[in-house]
Amino acid sequence: MKRLIAILVVATGSFTLAACEGNQSVLDAHGSSAVELKQLIIWIVAACSLVWAIVMVVLIWALWRSRGGRFPARSAADQRMTFAVIGGVAATVVVIAGFTIFSFLTTRALSEAGSGDLTIKISGTQWWWKATYVNPDHLPSFDIANELHIPVGRNIRLLLATDDVIHSLWVPSLAGKQDLIPGRSNQLAIRADQPGIYRGQCAEFCGLQHSHMAILVIVESEVAFDRWVDLQNLPAAEPGDAEARAGELVFLTKPCAACHTIRGTDAKGVTGPDLTHVGSRRTIGAGLFDTTRGSLAAWIADPQTLKPGNNMPLVPLSSDELRQVSAYLASLQ
Ligand SMILES: [Cu+2]
């Protein structure tokens, strides 16, 4: 028995600790909405634990008292029972009303944060995220996949849409969860209070590769953010050497260009992620691999084995073409 208790204590201890930290945890809040939600969660858990503890104490007390049939006289018992029922009902009403008001106020605070000074359109597609920056002070808009950059301390408004199935955007350390629903446009407010890299995940089952639909939110200083926006606004860099130049040609002559855009070239497809600066992104395949020349080559060589069912077909390439096209894409910083 003692051993069992020890195991339980260690297990719950490590479980709760493991759940508290990391870049994808509700309890590791680094954004204003996430902090509000965390407070709501903590209060609800605390109140429920208290209610549970009181019920247990009363139950144990009642069981202990009833041993040996020592019951008080009938009328006294009736009276006490009436008190207990009235008290129980009143406590329930107070607790439920309290929770309702608390969660109403929290939700209101979350939607008020929505008057953002930077708007980013996000669309969920099986199984990756497209983000379009439509910022008035940085003129043209540009697309990026599976990675958001936002300046620290600013209110950001995310406009959420999808054309295929329901997805849900959830970056637990920064904000609540919001669905992307075909034919409807939803919003989510985010404000990050500390620089860092926070991981998000599609939180509504959306098909085979739902679990490989991650997004990184990179929170940086205003200066670093502006530098990043300026870089993303540029068209793709000219290939720097012969190998990359050959890779560009492969890209433009094979079916790649029908599905992908590389700004500054004739590739204008929109089915797949914009690859103009793919080399500057941290991951490919919606969080599947870190972006390296090797992982790019592996992905292009066999996307269906690495992410079965995803919407990029295998395009047959010779080994030279594969080498060239991966060198070219890795150079697109
Ligand atoms: Cu999804």
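Below you will find a few notes about this structure. This is a predicted model, so every value here is computed, not measured.

1. Some points on unusual backbone geometry
A negative phi angle characterises most non-glycine residues, just as the trans form characterises most peptide bonds.
(1) Moving on: The amide bond that connects Gln126 to the next residue, Trp127, takes the cis arrangement and shows omega of 0°.
(2) Moving on: Residue placement: Trp127 occurs in the loop between β1 (118-125) and β2 (128-133).
(3) Moving on: You will see that Asn146, though not glycine, has its phi angle at about 60°, which is positive.
(4) Moving on: By secondary structure assignment, the location of Asn146 is in the loop between β3 (142-145) and β4 (147-151).
(5) Moving on: For Ala286, which is not glycine, the phi dihedral falls at a positive 60°.
(6) Moving on: Along the chain, Ala286 falls in the loop between β11 (283-284) and β12 (289-290).

2. Concerning the sheet that holds β2
(1) Moving on: Pairing is mixed in the open sheet, where five strands are placed in the order β3-β2-β1-β5-β8. The strands lining the two open edges of the sheet, one partner per strand, are β3 and β8 (186-190). Averaged over all pairs of adjacent strands, the angle between strand axes in this sheet comes to 25°, irrespective of strand direction.
(2) Moving on: Those strands touched by helix α4 (residues 222-233) are β1, β2 and β3, and its axis lies near 105° from that of β3.

3. What about the pattern of salt bridges?
(1) Moving on: Under the definition given, this model contains six salt bridges.
(2) Moving on: With its nearest N and O atoms 3.4 Å apart, the salt bridge here joins Asp193 to Arg191.
(3) Moving on: On the accessibility criterion, Arg191 (28% relative accessible area) is partly exposed.
(4) Moving on: Between Arg293 and Glu243 there is a salt bridge, with the nearest N and O atoms lying 3.3 Å from each other. Taken together, the residues Arg293 in helix α7 (residues 293-301) and Glu243 in helix α5 (residues 242-253) connect sequence positions 50 residues apart.
(5) Moving on: Arg293 sits in the partly exposed class, given a relative accessible area of 35%.
(6) Moving on: For Glu243, a relative accessible area of 25% translates into the label partly exposed.
(7) Moving on: Residues participating in the shared-partner salt-bridge network are Glu243, Arg293, Asp320 and Arg323.

About the criteria used
Residues numbered from 1 in each chain as written. Predicted model: local features only at pLDDT ≥ 70, side-chain atom pairs only at ≥ 80, totals over all residues. Heavy atoms only, no water. Helix = DSSP H or I, 4+ residues; strand = E, 2+ residues; numbered from the N terminus. Pairing = 2+ DSSP bridges. Axes fitted to C-alpha atoms, helices over the stretch in contact; angles between N-to-C directions. Contact = heavy atoms within 4.5 Å. Salt bridge = Lys/Arg side-chain N within 4 Å of Asp/Glu carboxyl O. Buried < 20%, exposed > 50% of the residue type's maximum accessible area, 1.4 Å probe, protein only.

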